[in-house]
Amino acid sequence: MADQFLGFDLSTQQLKGIIVGSDLKLLHEAKVDFDADFGAKYGIEKGVLTNPAEGEVFAPVALFLEAIDLVLQRLREQGAEFAKVQGVSGAGMQHGTVFWSQDAEDLLRSLSPEKTLLEQLEGGAKGERKGAFSHPFSPNWQDASTQKQVEAFDAALGSPDELAEATGSKAHHRFSGPQILRFHTKYPDAYKATARITLVSSFLASIFLGRIAPMDISDVTGANLWDIKNGQWHEALLALAGGSPDTTALRAKLGAVPEDGGATLGPIAPYFAAKYGFPRTARILAFTGDNPSTILALPLRSSDAIVSLGTSTTFLMSTAAYKPDPAYHMMNHPTTPGQYMFMLCYKNGGLAREHIRDAINAGAGAGGQGPGGWDAFNAAALSTPVLGQHHPDSDPARLGLFFPRPEIVPAVRAGVWRYTASNDDSRLANAENTPAWPVPTADARAILESQLLSLRLRSQPLLTPQGSLPAQPRRVYLVGGGAANPAIATLAGQVLGGSEGVYKLEIGANACALGSAYKAAWGVGRKAGEAFEDFLEGRWDEESFVRRVAEGYAEGVFERYGGVLGAFAELEAVAVREKGEGRADLVKERGVDGGVVRGN
């Protein structure tokens, strides 16, 4: 009986489950769409509930519980043979927190296959039934309610730079440290009743393990609480988050963090063996964050980059260099000691692109393609010249920022900025409502250039020359829903480069779940001391798994984009001055230091 491995991806809008064989090839996949399957019951929109008055974005934990049982049912309906599954791992949206009650472990240990997870773990509305959670909601990564807490974290060690040096990131609204600080301030009784705090990833692992699972060594670095260099909780930051110089209580709530990302946490919970037919020997591996899991979907080499094109946009690289900066994130690698993960994350990804797509379709009557079609958008993006310059020597360059939602990088409120930059000294001029910027057609190329220029601006310090070519990625891999868009692929190569081209992971929309399944396969099947990358390369079938979708480096074009990076940083500074979230220190008034927008 050939071994199989199960991987999950619990994201903002969906729960996906996939099964791969020992050859790493996909066997089964299923998903639960939160809005379509549970929107009416929970009142969610795009997977979340919101409290605009306080900037809160959160999801019911009960929704996650129902989705777990449903996705397993759908996999079984497709013919999945759970009896063959030898390893299970998964991923959860980063930075989300789940607060467990004092009764949680007893309830997890006593799950009955005759009932659903929801029936047994959700508490009664009037307290007539014990529940596993001290708080019914999980703050989502889009949450922006923690401004005061973020400022406290940035100041805790002296500056955002010092915080980034210690934890890999400056403070962010969504990070678990600031979220915990706000939680115990706003809900002191619930905090006191909280026995354990997990991330969304370790929440999901806990369900399958039948007891509270530890946080993953990579995902924990998205909390502003983990001392990366010393491999331990940061005492001063725990004291801040817990509101007490005595960190014993919060340390107990958070638990220990194993260093080995491939270690077995234990066998699968009896509930899943009895209800779904998993073997009792199936191993549960640590579940990690969605971004760390994505880099496990292929054997990344030095200088390779992944651009994940989903609801948000993320840029990921694996590197041995620990070079933290407030402008981006450095995290522990999820499987490989001594390696780190470089990450940029933006709230305005797919939704921002869709906003412009819809405006173009409305103006063009959608050309029969339907309101959600991309043909008109792509045609406008590809027919518009680089930076909107029909005559590069004389026309100013178009540079825009498009944030229908508040953005993280830079930290600004929602807004749109359309500017041109002159060729002589990169002076910016507002191009709103001028002939230089025909709306909405010019926006199609401008938004793609804008999103990609931001990635290039901030990733430069970690890139190296590729042979005789300037510093750039060796390969650019596209994953996520937007990876199938040919206009995005073309511009990714033009702006970011890629000495060997731009590639699409053939299971790109499920890369995160795929990485989880690969991690499960490695954890179960690795030889003593076998690194994840070596394990994966030994089973990697490039022709089946990836496809080259666009040219990478184009001489002259790549350099033209490099020439406007300074002006692009200036435009971000304009946005911060006009609509900054009280964080004007994130962008210098007029400067780019080494190609990276730096804080003071």
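Conventions used here
- Residues numbered from 1 in each chain as written.
- Predicted model: local features only at pLDDT ≥ 70, side-chain atom pairs only at ≥ 80, totals over all residues.
- Heavy atoms only, no water.
- Pairing = 2+ DSSP bridges.
- Helix = DSSP H or I, 4+ residues; strand = E, 2+ residues; numbered from the N terminus.
- Axes fitted to C-alpha atoms, helices over the stretch in contact; angles between N-to-C directions.
- Core = buried A, V, L, I, M, F, W, Y, C linked by side-chain atoms within 4.5 Å.
- Buried < 20%, exposed > 50% of the residue type's maximum accessible area, 1.4 Å probe, protein only.
- Domains from an automatic or database assignment.
- Contact = heavy atoms within 4.5 Å.
- Parallel < 35°, antiparallel > 145°, perpendicular 65-115°, else oblique.
- Nonpolar A, V, L, I, M, F, W, Y, C, P; charged D, E, K, R; others polar.
- Expected span 1.5 Å × (residues − 1).
- Polar contact = N/O pair within 3.5 Å; in protein donor to acceptor, adjacent residues only side chain to side chain.
- Arc of directions from axis to C-beta.
- pLDDT = per-residue confidence, 0-100.
- Left-handed = near helix turned anticlockwise from the far one by under 90°.

### Description of the sheet that holds strand β15 (residues 305-309)
Spatial ordering of the open sheet is given by β17-β18-β16-β15-β24-β25-β26, a layout of seven strands whose pairing is mixed. Edge strands, defined here as strands with exactly one partner in the open sheet, are β17 (329-332) and β26 (546-550). For this sheet the average axis-to-axis angle between neighbouring strands, irrespective of direction, equals 30°.

### Digging into the nonpolar core
Buried together is how nonpolar side chains tend to be arranged in soluble globular proteins. Ranked by size, the top nonpolar core spans 94 residues in total, and within it Leu225, Trp233, Leu254, Phe315, Leu399 and Leu478 carry the most contacts. The element best represented in this core is helix α16 (residues 441-459), accounting for nine residues. If you count residues domain by domain, this core takes at least three from each of domain 1 (4-292) and domain 2 (350-451 + 555-579). Setting aside residues up to four positions removed in sequence, leucine 478 forms contacts with Val307, Leu309, Ala483, Ala489, Ala492, Val502, Tyr503, Lys504 and Leu505. Within the second largest apolar cluster, 62 residues are counted, among which are Val88, Leu107, Leu118 and Ile207.

### Some thoughts on the packing of helix α15 (residues 375-383) against α16
Describing two packed helices takes the angle between their axes plus the distance from one axis to the other. Running from N to C, α15 and α16 cross one another at 75°; their axes reach a closest spacing of 7 Å. As the angle between them shows, α15 and α16 are arranged roughly perpendicular. On α16, the residues that touch Phe377, Ala380, Ala381 and Leu382 of α15 are Thr441, Ala444, Arg445, Ile447 and Leu448. Partitioning the contact of α15 with α16 into residue classes produces seven nonpolar, one polar and one charged.

### Remarks on helix α18 (residues 511-525)
Helix length check: α18 (15 residues) gives 20 Å between terminal C-alpha atoms against 21 Å at 1.5 Å per residue, within 8%. Here α18 lies mainly inside the structure; 13 of its 15 residues are buried.

### Considerations on the side chain of serine 176
In this fold, serine 176 is placed in helix α7 (residues 176-186). Polar contacts involving the side chain of serine 176 include one to the main-chain carbonyl oxygen of histidine 95, which spans 3.4 Å. Those residues in contact with serine 176 that sit more than four places away from it in its chain are His95, Gly96, Thr97, Leu199, Gly222 and Ala223.

### As for the sheet that holds strand β19 (residues 397-403)
Sheet strands pair via backbone hydrogen bonds, and the direction of the pair is either parallel or antiparallel. Spatial ordering of the open sheet is given by β19-β20-β21, a layout of three strands whose pairing is antiparallel. Each having just a single partner strand, β19 and β21 (428-430) make up the two edges of the open sheet. Pairs of neighbouring strands in the sheet enclose a mean axial angle of 30°, with direction left out of account. Taken together, the seven bridges between β19 and strand β20 (residues 415-421) define a ladder with antiparallel strand orientation. For leucine 399, the partnering residue across the bridge sits in β20 and is tyrosine 419. Where helix α22 (residues 565-579) meets the sheet, it contacts β19, β20 and β21, and its direction lies at approximately 145° from that of β20.

### Overview of helix α1 (residues 34-42)
Considered for burial, the residues of α1 that qualify are Phe34, Phe38, Gly39 and Tyr42. Projection of α1 onto a plane perpendicular to its axis shows the buried side chains occupying an angular sector of 140°, all on one side. Away from the buried face of α1 by more than 90 degrees, exposed residues Ala36 and Ala40 are located. Capping the start of α1 is the job of one residue whose side-chain oxygen sits 3.2 Å from the backbone nitrogen of aspartate 35: aspartate 33.

### Digging into the environment of lysine 46
Among the secondary structure elements, lysine 46 is positioned in the loop between α1 and β4 (49-51). Residue class for lysine 46 comes out partly exposed when judged on its relative accessible area of 32%. Not counting residues within four places of it along the chain, the set of residues in contact with lysine 46 comprises Thr12, Gln13, Asp35, Leu351 and Arg405.

### A short note on the confidence of the model for the protein chain
In low-pLDDT regions, the fine details of the predicted coordinates are not to be read closely. For the protein chain, per-residue confidence averages 92 on the pLDDT scale, and 94% of positions sit at 70 or higher. Of the regions scoring below 50 in pLDDT, residues 583-600 engages in 56 contacts with residues more than four places distant in sequence or in other chains.

### Quick word on the pairing of strand β5 (residues 56-60)
Where burial is concerned, most of β5 is hidden: five out of the five residues are buried. Side-chain alternation along β5 places Glu56, Phe58 and Pro60 on one buried face and Val57 and Ala59 on a second face that is also buried. Sheet topology places β4 next to β5; three bridges connect them, and they run antiparallel. Each residue of the ladder has a partner; that of leucine 49, found in β5, is phenylalanine 58. The hairpin formed by β4 and β5 contains four residues between the paired strands, and glycine 55 there has a positive phi angle of roughly 75°. Note: β5 against strand β8 (residues 137-139), three bridges, orientation antiparallel.

### Let's talk about the environment of arginine 405
As for its position among the elements, arginine 405 is in the loop between β19 and β20. The class for arginine 405 is partly exposed, based on a relative accessible area of 27%. The sequence separation of arginine 405 and glycine 266 amounts to 139 residues, and the corresponding C-alpha distance is 41 Å. Beyond its immediate sequence surroundings of up to four residues, arginine 405 is in contact with Lys46, Gln142, Asn348, Leu351 and Ala414.

### As for the packing of helix α5 (residues 147-156) against α7
One way to put it is that α5 packs onto α7 with a least axis distance of 9 Å and a crossing angle of 125°. Comparing their axes, α7 and α5 come out oblique. In the crossing of α5 with α7, the sense of the turn from one axis to the other is right-handed. Packed against α5, whose contacting residues are Gln149, Val150 and Phe153, the element α7 presents Gly177, Pro178, Leu181 and Arg182 at the interface. In terms of residue class, the contact of α5 with α7 is built from four nonpolar, two polar and one charged.

### Brief notes about the environment of aspartate 260
Tracing the backbone shows aspartate 260 in the loop between α11 (248-254) and β12 (264-267). Taking relative accessible area as the criterion, aspartate 260 reaches 34% and is therefore assigned partly exposed. Between the C-alpha atoms of aspartate 260 and threonine 441, which are 181 residues apart in sequence, the distance is 50 Å. Each residue touching aspartate 260, except ones within four places of it in the same chain, is listed here: Trp522 and Arg526.

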